[in-house]
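Letter by letter, the chains look like this.
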Amino acid sequence: MDNSHLTEKQKRILPQMKGEVRIIGGQWRGRRLAFHDRPGLRPTPARGRETLFNWLGQSLVGWHCLDLFAGSGALGFEAASRGAAQVEQDRLACVALRANAQRLGAEGVTVRQVQAHEWLETSGTTYDLIFLDPPFDSEEMSRVWSALSTHLRPGGWIYCESSRGMSESDLWREVRCTKVGQARLQLFQRR
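Residues numbered from 1 in each chain as written. Predicted model: local features only at pLDDT ≥ 70, side-chain atom pairs only at ≥ 80, totals over all residues. Heavy atoms only, no water.

This paragraph deals with the overall build of the protein chain. When helices and strands are tallied, the protein chain shows six helices and nine strands. Each of the 191 residues in the protein chain was classed as buried or not, and the buried ones make up 51%. Looking at the protein chain alone, contacts between residues at least 24 apart form 60% of all its contacts between residues at least 6 apart. Counting every atom, the protein chain has about 9,200 Å² of accessible surface; 45% of that belongs to carbon and sulfur. (Helix = DSSP H or I, 4+ residues; strand = E, 2+ residues; numbered from the N terminus. Buried < 20%, exposed > 50% of the residue type's maximum accessible area, 1.4 Å probe, protein only. Contact = heavy atoms within 4.5 Å. Areas by Shrake-Rupley, 256 points an atom, 1.4 Å probe, with all protein chains shown as cover.)

Strand β6 (residues 127-132) sits mainly inside the fold: six of its six residues count as buried. Relative to strand β7 (residues 152-162), β6 runs parallel, the two being bridged by five bridges. Within β7, the position partnered with Tyr-127 by the bridge is Leu-152. This β-α-β element, β6 to helix α6 (residues 139-145) to β7, shows right-handed connectivity. (Pairing = 2+ DSSP bridges. Right-handed = clockwise from strand over helix to strand, strands pointing away.)

In this section: the packing of aromatic side chains. Applying the stated rule across the entire model yields three aromatic pairs. Both rings, one in Trp-145 and one in Trp-172, keep their centres 5.7 Å apart while their planes meet at 50°; by these two values the pair is tilted. Taken as a pair, Trp-145 in helix α6 and Trp-172 in strand β8 (residues 172-180) lie far apart in primary sequence, 27 residues in all. The exposure classification of Trp-145 matches that of Trp-172, with both residues buried. Relative accessible area serves as the criterion here: at 10%, Trp-145 is assigned to the buried category. Taking the ring centre of Phe-136 as reference, the NZ or CZ of Arg-42 above it sits at 3.6 Å. (Phe/Tyr/Trp six-rings, centres within 6.5 Å; stacked < 30°, edge-to-face > 60°. Lys NZ or Arg CZ within 6 Å of the ring centre and 35° of its normal.)

Between its first and last C-alpha, helix α4 (residues 91-104) extends 20 Å over 14 residues, near the 20 Å set by a 1.5 Å rise per residue. Of all 14 residues that make up α4, 11 are buried, and the element is covered over most of its length. A positive backbone phi angle near 70° is found at Gly-105, which sits one or two residues after α4. (Expected span 1.5 Å × (residues − 1).)

For the coordinates displayed, the defined rule picks out eight salt bridges. Asp-133 is the partner of Arg-42 in a salt bridge, and the nearest nitrogen-oxygen pair spans 2.8 Å. Taken as a pair, Arg-42 in the loop between β2 (32-35) and α2 (46-56) and Asp-133 in the loop between β6 and α6 lie far apart in primary sequence, 91 residues in all. Exposure remark for Arg-42: the relative accessible area of 22% places this residue in the partly exposed category. Between Glu-161 and Arg-42 there is a salt bridge, and its shortest N-O distance comes to 3.2 Å. Here Glu-161 is found in strand β7, whereas its partner Arg-42 is found in the loop between β2 and α2, with 119 residues between them in sequence. If you follow the salt bridges from partner to partner, you end up with Arg-42, Asp-133 and Glu-161 in one network. (Salt bridge = Lys/Arg side-chain N within 4 Å of Asp/Glu carboxyl O.)

So, on to the nonpolar core. Residues Leu-68, Ile-130, Leu-132, Trp-145, Leu-148 and Ile-158 are the most contacted members of the largest nonpolar core, which totals 20 residues. For this core, the secondary structure elements donating two or more residues are α5 (116-122), β6, α6 and β7. (Core = buried A, V, L, I, M, F, W, Y, C linked by side-chain atoms within 4.5 Å.)

Spelled out as structure tokens, the structure:
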């Protein structure tokens, strides 16, 4: 793997990354993402990502996506060729995400190191698809849930991955749901 285009900082940190996940579809199918194995970080397994993209359709061309709790970046990089943005608060995770984006040549990927709720409060951007996969039992899930409606385009989707699941509301209609391992995978659409 050619790492000549990485910064010196990224070259120093890359060998320290112990985790790895393989992209299952799109233009980078089969490529691997390196990440720091951190407490609470659990990349969406291949089976979960396959289920999600079967629900949505294999082509997301033209969609604007946001991976709100990017972690390993597995969900965002699956959709990266569609202009995905990624938001992550953990500094080491951000370094890994940026290094992976450079290694893949993912020019459309933007990585922001910020708390998810802060991003939603300050950003006026809207998306076709928002990935919502914070660490299980995180306070952030309930904190951002209601703010998502102003960032979703008409007909847009929210993919939610959690231990207990989220409930339908006046704003959100659950379209699909399944369980993979310990995770409940849900696809919501705004009513």
